[in-house]
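# Examination of the molecular architecture
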Amino acid sequence: MPAIPIVCDESGYEGEKLVGGVTDVFAHASIRLDQETAAACVAELRARIKSPATMYKANHLLRAKHRATLLWFLGPDGPLPGNASVFVIDKTYFLITALVDLLGAPPSTTTFLYDAHRRTGRAREFLDTANDYLRAHETAVLPRLDPLLPAIIRAAEHWSDGTPVLIAHDRQTTLSPTRITALREKSPAIAAIEQLDSFVDHRVQIADFLAGITYRIASGRLHGNDDPGVWAALTPYLDPASLWIEDRLHVVARKI
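Residues numbered from 1 in each chain as written. Predicted model: local features only at pLDDT ≥ 70, side-chain atom pairs only at ≥ 80, totals over all residues. Heavy atoms only, no water.

Right, let's talk about the packing of helix α1 (residues 35–49) against helix α9 (residues 202–222) for a bit. A pair of packed helices is characterised by two quantities: the angle between their axes and the separation of those axes. Where α1 meets α9, the axes come as close as 8 Å, and the angle between the chain directions of the two elements is 60°. Relative to α9, α1 is oriented oblique. The two elements α1 and α9 cross, and the hand of that crossing is left-handed. For the pair α1 and α9, the contacting residues are Gln35, Ala38, Ala39, Cys41, Val42 and Leu45 in the first and His202, Arg203, Gln205, Ile206 and Phe209 in the second. (Axes fitted to C-alpha atoms, helices over the stretch in contact; angles between N-to-C directions. Helix = DSSP H or I, 4+ residues; strand = E, 2+ residues; numbered from the N terminus. Parallel < 35°, antiparallel > 145°, perpendicular 65-115°, else oblique. Left-handed = near helix turned anticlockwise from the far one by under 90°. Contact = heavy atoms within 4.5 Å.)

What follows is the structure in structure tokens.
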């Protein structure tokens, strides 16, 4: 049986720097669309948005004047229902779970540190130090702090029905041949990983739209700048295995 093809892209990625950087949320989108459907979607977006930009990004859809187009893209009449999933990581939560796991501390420590960070900000300096320490002492081929790696594994698990998954991913320098081999050894659901360019593949553009929209809306929620309408439209695509404590959308961090 041939492998199941999916296409992935991410937003909010800063490697192993999980706190003190530019972004506080990581979103990894995976889609299962053929080239014809993806191209038709991009053409429809161009017809609706009418921007002269060579390359459309999520920020085009997120502009207030294009809200109807954004809701079409995410809604039941768009291309995504049944064809898309997005794995969301609250980077601070991810860091704390990695730290607690390394220290062998009780699970309640994760909630204590996360709440201290969210409610008082007093854990920030401690978390900065912890992030730097863990990065300095990371030696594995699949570092525990890199959110892209568990996201790729999760994408394969989500789409596999027992059949291996062929992943086409937007180009990432992180995805070296050695690391791709290690990911395949870690997850039997991954048949292969190839890297594509979003400038020449409409499917990558669709994944990029979904990842970028999710990043922006989820980050806004963390900071009290909520958009309930868009969040509701995103909800059907949110992977329940996401590392996201708000709204109870989270599970225990996956080890890698």
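So, next bit.
Attention now moves to empty space enclosed by the protein. This model, assessed by the stated rule, comprises one cavity of 30 Å³ or more. Quantified by volume, the largest cavity comes out at close to 30 Å³. Lining the largest cavity, in full, are His28, Ser30, Ser85, Val86, Phe87, Arg154, Ala155, His158 and Asp239. Each residue belonging to the lining of the largest cavity can be placed in one class, and the counts come to three nonpolar, four polar and two charged. (1 Å grid on protein atoms, 1.4 Å probe; cavity = no way out; pocket = protein on both sides within 12 Å on 5 of 7 lines; lining within 4 Å. Points joined across faces, edges and corners; volume = space filled by probe spheres on them. Nonpolar A, V, L, I, M, F, W, Y, C, P; charged D, E, K, R; others polar.)

The end-to-end C-alpha distance of α9 is 30 Å, a good match for the 30 Å that 21 residues give at a rise of 1.5 Å each. Along α9, 19 of the 21 residues are buried, which leaves the element largely enclosed by surrounding structure. The N-cap residue of α9 is Asp201: its side-chain oxygen and the backbone nitrogen of Arg203 are 2.9 Å apart. Positive phi appears at Gly224, one or two residues downstream of α9, with a value of about 75°. (Expected span 1.5 Å × (residues − 1). Buried < 20%, exposed > 50% of the residue type's maximum accessible area, 1.4 Å probe, protein only. Polar contact = N/O pair within 3.5 Å; in protein donor to acceptor, adjacent residues only side chain to side chain.)

Turning to the sheet that holds strand β2 (residues 25–31), a few remarks are in order. Across the sheet, which stays open at both edges, the five strands sit in the order β3-β2-β1-β4-β5 with mixed pairing between neighbours. Each having just a single partner strand, β3 (84–90) and β5 (190–196) make up the two edges of the open sheet. Taking the axes of each pair of neighbouring strands and ignoring which way they run, one obtains an average angle of 25° across the sheet. Judged from the six bridges that link them, strand β4 (residues 165–170) and β5 form a sheet pairing that is parallel. Opposite Ile167, over in β5, you have Ile193 as the bridge partner. Where helix α7 (residues 148–159) meets the sheet, its contacts fall on β1 (4–11), β2, β3, β4 and β5, and the angle it forms with β2 comes to roughly 30°. (Pairing = 2+ DSSP bridges.)

Quick look at the side chain of Thr23 now. You can see Thr23 is positioned in the loop between β1 and β2. By relative accessible area, Thr23 is classed as buried at 12%. A distance of 2.9 Å separates the side chain of Thr23 from the backbone oxygen of Gly12, its partner in a polar contact. Side chain to side chain, Thr23 and Glu14 meet in a polar contact 2.6 Å long. When residues no more than four places from it in sequence are discounted, the contact partners of Thr23 are Gly12, Glu14, Lys91 and Tyr215.

Our focus in this paragraph is the confidence of the model for the protein. Chain-level statistics for the protein give a pLDDT mean of 90 and a share of 95% at 70 or above. Taken element by element, the protein is modelled with least confidence in helix α5 (residues 108–119), mean pLDDT 85, and with most confidence in β2, mean pLDDT 98. Below pLDDT 50 for its whole length, residues 247–256 participates in 35 contacts with residues either more than four positions away or in separate chains. (pLDDT = per-residue confidence, 0-100.)

Take a nonpolar patch on the surface next. Together, Leu102, Leu103 and Tyr133 give the surface a local cluster of nonpolar side chains, amounting to about 320 Å² of exposed area. Inspection of the secondary structure assignment puts Leu103 in helix α4 (residues 91–103). Judged by relative accessible area, Leu103 falls into the exposed class, the value being 60%. (Patch = residues over 30% accessible without salt bridge, like charges linked within 9 Å, V, L, I, M, F, W, Y side chains within 5 Å. Areas by Shrake-Rupley, 256 points an atom, 1.4 Å probe, with all protein chains shown as cover. Salt bridge = Lys/Arg side-chain N within 4 Å of Asp/Glu carboxyl O.)

Another aspect to go through is the environment of Arg221. Among the structural elements, Arg221 can be located in helix α9. In this structure the C-alpha to C-alpha distance between Arg221 and Ala168, which are 53 residues apart in sequence, comes to 30 Å. Here Asp226 takes part through its side chain, which lies 2.7 Å from a polar atom of the side chain of Arg221.

Another point: unusual backbone geometry. Comment: phi is negative for the bulk of residues other than glycine, and the bulk of peptide bonds are trans. One non-glycine residue, Lys50, lies in positive phi territory at about 60°. Within the fold, Lys50 resides in the loop between α1 and α2 (58–62). Judged by relative accessible area, which is 65%, Lys50 ranks as exposed.

Here we come to the pattern of salt bridges. Within this structure, the stated rule accounts for 11 salt bridges. In this structure, the salt-bridge partner of Lys57 is Asp208, at a minimum N-O distance of 3.2 Å. Pair noted here: Lys57 is in the loop between α1 and α2 and Asp208 is in helix α9, with a separation of 151 residues, a long-range link. Residue Lys57 is classed as partly exposed on the basis of its relative accessible area of 36%. Of the charged contacts, one joins Asp227 and Arg67 as a salt bridge, the two residues approaching to 2.8 Å between their closest N and O atoms. Highlighted residues: Asp227 in the loop between α9 and α10 (228–234) and Arg67 in helix α3 (residues 67–74), separated in sequence by 160 residues. Among the ionic contacts, a cluster of salt bridges with common partners joins Arg154, Glu157 and Asp239.

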